[in-house]
Amino acid sequence: MKIKLQLSIALLLLAGGTASAQNKVEGHLKADVVSNYIWRGLNLGHVAVQPELAVGWQGLSLTAWGSTGLSGHKDDVREIDLTLAYETGGLSLGIVDYWTDESDERYFYYKKENTGHSFESFAQYDFGPLCASWQTIFAGSDYQAADDKRAYSSYLELEAPFRLAACDWTATAGMVPWASDYYGTSGFSVTNLSLSATKDIPITDHFALPVFGQLTANPQSGHLYFVFGITLNAF
């Protein structure tokens, strides 16, 4: 889901380059520690640790991402997201299974009533100076309370990366095109205006600690968030 900071969260993909460039199985294990869990302009929790494990081969990748709150607050939830994606050139296509324990603590529970799963398809294209993506929930827990019909909640996001003052920056604009209880919108709404910066802090000659900050405004809800985080890379 809830990608959190576009790892942005973009979309939690293992970048594999072109198929010819990735001719062997590759992978990574890392974790972010964040002061708040903000996803697509929504506040989903307090201080959290968010691990990610990914494996990829010839443009195909499988990623497991999670979030566990550390504050002990009642609103903190456990989350596990599984992403299957394929990347070729600048195009990425995939499916994400988002799961949280808000409704039911059982992971393997898929009935409409109280399932914690939401299944989303996405398409993303990286133009270089601009990256555009579209996501739509097609199954799982995504119904409108008013009529109990599937909402097909969708989200459009534009990202523009740039380099400034020895930091890597990303400007993000995200919007929900129609009414969605999932995003708390009654129609077309801009829910995410973010500016993030990342910098590697040298610790030793062979080790640097990536740190990042993100300022996020949600014009639809009227909220403003500021997040600080660090990334720990195992491999």
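Calculation rules
- Residues numbered from 1 in each chain as written.
- Predicted model: local features only at pLDDT ≥ 70, side-chain atom pairs only at ≥ 80, totals over all residues.
- Heavy atoms only, no water.
- Helix = DSSP H or I, 4+ residues; strand = E, 2+ residues; numbered from the N terminus.
- Buried < 20%, exposed > 50% of the residue type's maximum accessible area, 1.4 Å probe, protein only.
- Pairing = 2+ DSSP bridges.
- Axes fitted to C-alpha atoms, helices over the stretch in contact; angles between N-to-C directions.
- Phe/Tyr/Trp six-rings, centres within 6.5 Å; stacked < 30°, edge-to-face > 60°.

**Remarks on the environment of Leu 195**
Summarising the element assignment, Leu 195 is placed in strand S12 (residues 189-202). The partly exposed category is assigned to Leu 195, whose relative accessible area is 38%. Residues Leu 195 and Thr 172 lie 23 residues apart in sequence; the distance between their C-alpha atoms is 6.3 Å.

**Here we look at the sheet that holds strand S13 (residues 208-218)**
Around the barrel, which closes on itself, the 12 strands sit in the order S1-S4-S5-S6-S7-S8-S9-S10-S11-S12-S13-S14 with antiparallel pairing between neighbours. Here the strands of the sheet are splayed against their neighbours by 20° on average, with no regard to which way each runs. Looking at chain direction, strand S11 (residues 167-176) and S12 are connected through nine bridges and run antiparallel. Looking across to S12, one finds that Ala 173 is bridged to Leu 193.

**Observations concerning unusual backbone geometry**
Non-glycine residue Tyr 152 carries a positive phi angle of around 50°. With respect to the secondary-structure elements, Tyr 152 resides in the loop between strand S9 (131-140) and strand S10 (154-164). A relative accessible area of 44% means that Tyr 152 is categorised as partly exposed. For Ala 166, which is not glycine, the phi dihedral falls at a positive 65°. The topology assignment puts Ala 166 in the loop between S10 and S11. Owing to a relative accessible area of 42%, Ala 166 belongs among the partly exposed residues under this scheme.

**Describing the packing of aromatic side chains**
Here the structure, examined in full by the defined rule, presents 11 aromatic pairs. Here the aromatic rings of Phe 162 and Trp 169 are separated by 6.1 Å at their centres, their planes lie at 10°, and the arrangement is stacked. Accessibility expressed as a relative area gives 22% for Trp 169, which makes it partly exposed.

**Some details on the pairing of S10**
Of the pairings in the sheet, the one linking S9 to S10 comprises six bridges and is antiparallel in character. Residue Ala 132 lies in a different strand from S10, and its bridge partner there is Leu 158. In this structure, S10 lies alongside S11, joined through nine bridges in antiparallel fashion. Bridged to Pro 161 within S11 is Thr 170. The antiparallel hairpin formed by S10 and S11 contains two residues in its connecting segment, where Ala 165 sits at a positive phi of about 55°.

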